[in-house]
Amino acid sequence: MTDVLELVDVSVVREGRALISDISWSIAEGERWVILGPNGAGKTTLLQVAASYLYPTTGTVAVLGEKLGSVDVFELRQRIGLAGASMLDRVPRDQTVLKTVLTAAYGMTATWQETYEATDESRALALLDRLGMRGYEERTFGTLSEGERKRTLIARGLMTDPELLLLDEPAAGLDLGGREDLVRRLGALAQDEYAPSMAMVTHHVEEIAPGFTHVLMIRQGKVLAAGPIDTELTARNLSLCFGLPLTLERHGDRWSAQGLPLG
Ligand SMILES: Nc1ncnc2c1ncn2[C@@H]1O[C@H](COP(=O)(O)OP(=O)(O)OP(=O)(O)O)[C@@H](O)[C@H]1O
Ligand SMILES: [Mg+2]
């Protein structure tokens, strides 16, 4: 069985500096990965490569069995769902929530003169409902709260029924209730055998939803640890990743971390 994503020795170099360097990483079908790492570690860069928006400077990338560089990326991108901060800037403020989700089916962020199929509309409404956005269809994107925008973009990411779903800090900026609501929804998705393979970037182990199976930790553009959460998500790896001594606790299927007291 081919991997959903396979990176071999991938580096992205800009202005003489490696943003990510020698990354080898693969996602097998059905795996749900958490990507952890401090600010500037290269997480978003890595996700952009996985989403086929950024070509590696060196190394090879295969997404859904297609090698980047020898495939029509426009077709490939239809098979990948991406929700992240980079998308927030691309959605017009005056576009309705329903249109924001619907336009994903046509591979564009702004609406044009397309006529949408009724089946597309019912799918978009069902996804909005699943993300807790029922009743918001006609609101414009610009009037939504941070959490509502995040949930709309995840619904959008799922619209094309992707084989790979990539989420960049989906819980950033949410209040405690919003975070817990999102973790619950992502947990339902992660545990749904028909849901796509997933990779989610986060800074906080508290945001890891039940059902996530693997963790990739990166620091300064390099892989620090990669593998099953059960073996790789340790206080030692987390401390090395974030560069300070941390304790890590597991509470059933959730996690928490904190710095060790000084002295
Ligand atoms: N086009 C670019 N040219 C030069 N440097 C860049 C470019 N894009 C990103 N960088 C740098 O690459 C590094 C990694 O950026 P990236 O956005 O991938 O980090 P990140 O892990 O997502 O960080 P954060 O947690 O803050 O979102 C950063 O130091 C950033 O300043
Ligand atoms: Mg980032």
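Here the structure is a predicted model, which means the values were calculated and not measured. (Residues numbered from 1 in each chain as written. Chains lettered and ligands numbered in written order. Predicted model: local features only at pLDDT ≥ 70, side-chain atom pairs only at ≥ 80, totals over all residues. Heavy atoms only, no water.)

Caption draft 1: Broad picture of the overall build of the chain. Of regular secondary structure, the chain possesses 9 helices and 12 strands. Each of the three principal axes of the chain carries a C-alpha extent, and together these read 60 × 45 × 35 Å. Within the span of the chain, comprising 263 residues, buried residues form 50% of the whole. In the chain, the proportion of contacts linking residues at least 24 apart, taken out of those at least 6 apart, comes to 61%. Within the structure as shown, the chain displays about 12,400 Å² of accessible surface, and the carbon and sulfur contribution to it stands at 50%. (Helix = DSSP H or I, 4+ residues; strand = E, 2+ residues; numbered from the N terminus. Buried < 20%, exposed > 50% of the residue type's maximum accessible area, 1.4 Å probe, protein only. Contact = heavy atoms within 4.5 Å. Areas by Shrake-Rupley, 256 points an atom, 1.4 Å probe, with all protein chains shown as cover.)

Caption draft 2: Quick look at the environment of Leu164. Tracing the backbone through its elements, the reader meets Leu164 in strand E7 (residues 164-168). Sequence-wise, Leu164 and Ala51 are 113 residues apart; in three dimensions their C-alpha atoms are separated by 8.8 Å. Among residues more than four places away in sequence, those in contact with Leu164 are Val4, Ile27, Ala50, Val63, Leu64, Arg79, Ile80, Gly81, Pro196, Ser197 and Met198.

Caption draft 3: Representation of the environment of Phe74. Relative to the helices and strands, Phe74 is located in helix H2 (residues 73-77). Through-space distance from the C-alpha of Phe74 to that of Tyr53 is 9.8 Å; in sequence the pair is 21 residues apart.

Caption draft 4: Summary view of the nonpolar core. Core analysis: the biggest nonpolar cluster contains 49 residues, and Leu186, Phe212 and Leu233 have the highest contact counts within it. Of all the elements, helix H7 (residues 176-190) adds the most residues to this core, at 5 residues. Excluding residues that lie within four positions of it along the chain, Phe212 makes contacts with Arg32, Trp33, Val34, Leu186, Ala190, Met198, Met200 and Ile229. Counting 32 residues, the second-largest nonpolar core is a separate cluster that includes Ile20, Ala41, Leu46 and Val49. (Core = buried A, V, L, I, M, F, W, Y, C linked by side-chain atoms within 4.5 Å.)

Caption draft 5: Region of interest: the pairing of strand E4 (residues 58-63). Bridge count for strand E1 (residues 5-14) against E4 is 5 bridges, and the pairing is antiparallel. Looking across to E4, one finds that Val8 is bridged to Thr60. Bridge count between E4 and strand E5 (residues 66-67): 2 bridges; the pairing is antiparallel. In the sheet register, Ala62 faces E5, and the bridge partner there is Lys67. Hairpin remark: E4 followed by E5, antiparallel, with 2 residues in the connecting loop; positive phi at Leu64, about 50°. (Pairing = 2+ DSSP bridges.)

Caption draft 6: Molecular detail of the sheet that holds E7. Spatially, 6 strands are ordered E6-E7-E8-E3-E9-E10 in an open sheet, and the strand pairing comes out mixed. At either end of the open sheet lies a strand with only one pairing partner, and these are strand E6 (80-83) and strand E10 (222-228). Taken pair by pair, the neighbouring strands of this sheet meet at an average axis angle of 15°, ignoring direction. The strands touched by helix H6 (residues 146-158) are E6 and E7; relative to E6, the strand with the most contacts, the crossing angle is about 170°. (Axes fitted to C-alpha atoms, helices over the stretch in contact; angles between N-to-C directions.)

Caption draft 7: Just H6, in detail. Spanning 13 residues, H6 covers 19 Å between terminal C-alpha atoms, matching the ideal 18 Å at 1.5 Å per step. Along H6, the residues that are buried comprise Gly147, Glu148, Arg149, Lys150, Arg151, Thr152, Leu153, Ile154, Ala155, Arg156, Gly157 and Leu158. Close packing links the buried residues of H6 with E6, helix H3 (85-88), helix H4 (97-102), helix H5 (118-130), E7 and H7. (Expected span 1.5 Å × (residues − 1).)

Caption draft 8: Layout of the side chain of Glu206. Mapped onto the elements of the fold, Glu206 is located in the loop between strand E8 (197-202) and strand E9 (214-219). One buried charged residue, Glu206, forms no salt bridge at all, with the nearest opposite charge on Arg179 at 5.4 Å. Within the structure, Glu206 has its side chain in polar contact with the backbone nitrogen of Ala257 (distance 3.1 Å). Once you skip the residues sitting within four places of it in the chain, Glu206 turns out to touch Arg179, Val183, Arg254, Trp255, Ser256 and Ala257. (Lys, Arg positive; Asp, Glu negative; His and termini not counted. Salt bridge = Lys/Arg side-chain N within 4 Å of Asp/Glu carboxyl O. Polar contact = N/O pair within 3.5 Å; in protein donor to acceptor, adjacent residues only side chain to side chain.)

Caption draft 9: View of the sheet that holds E1. Strands sit in the order E2-E1-E4-E5 across an open sheet of 4 strands; the sheet is antiparallel. For this open sheet the edge positions go to strand E2 (17-27) and E5, each flanked by a neighbour on one side alone. Strand direction decides the pairing type here: E1 and E2, joined by 7 bridges, are antiparallel. When the sheet's bridge partners are listed, Arg14 is paired in E2 with Arg17.

Caption draft 10: Region of interest: the site of ligand 1. Close to ligand 1 lie 13 residues; Gly40, Lys43, Thr44, Thr45 and His203 are nearest. Backbone polar atom of Gly42 to an oxygen atom of ligand 1: 2.9 Å apart, as the coordinates give it. Taking Glu169, its side chain carries an N or O atom lying 3.4 Å from an oxygen atom of ligand 1. For ligand 1, whose unbound accessible area comes to 640 Å², protein coverage reaches 63%. At the level of secondary structure, the elements contributing two or more residues to the shell around ligand 1 comprise E2 and helix H1 (43-50). Tallying contributions element by element places H1 first for the shell around ligand 1, with 3 residues. By residue class, the composition of the shell around ligand 1 is 3 nonpolar, 6 polar and 4 charged. (Near = heavy atom within 4 Å. Nonpolar A, V, L, I, M, F, W, Y, C, P; charged D, E, K, R; others polar.)

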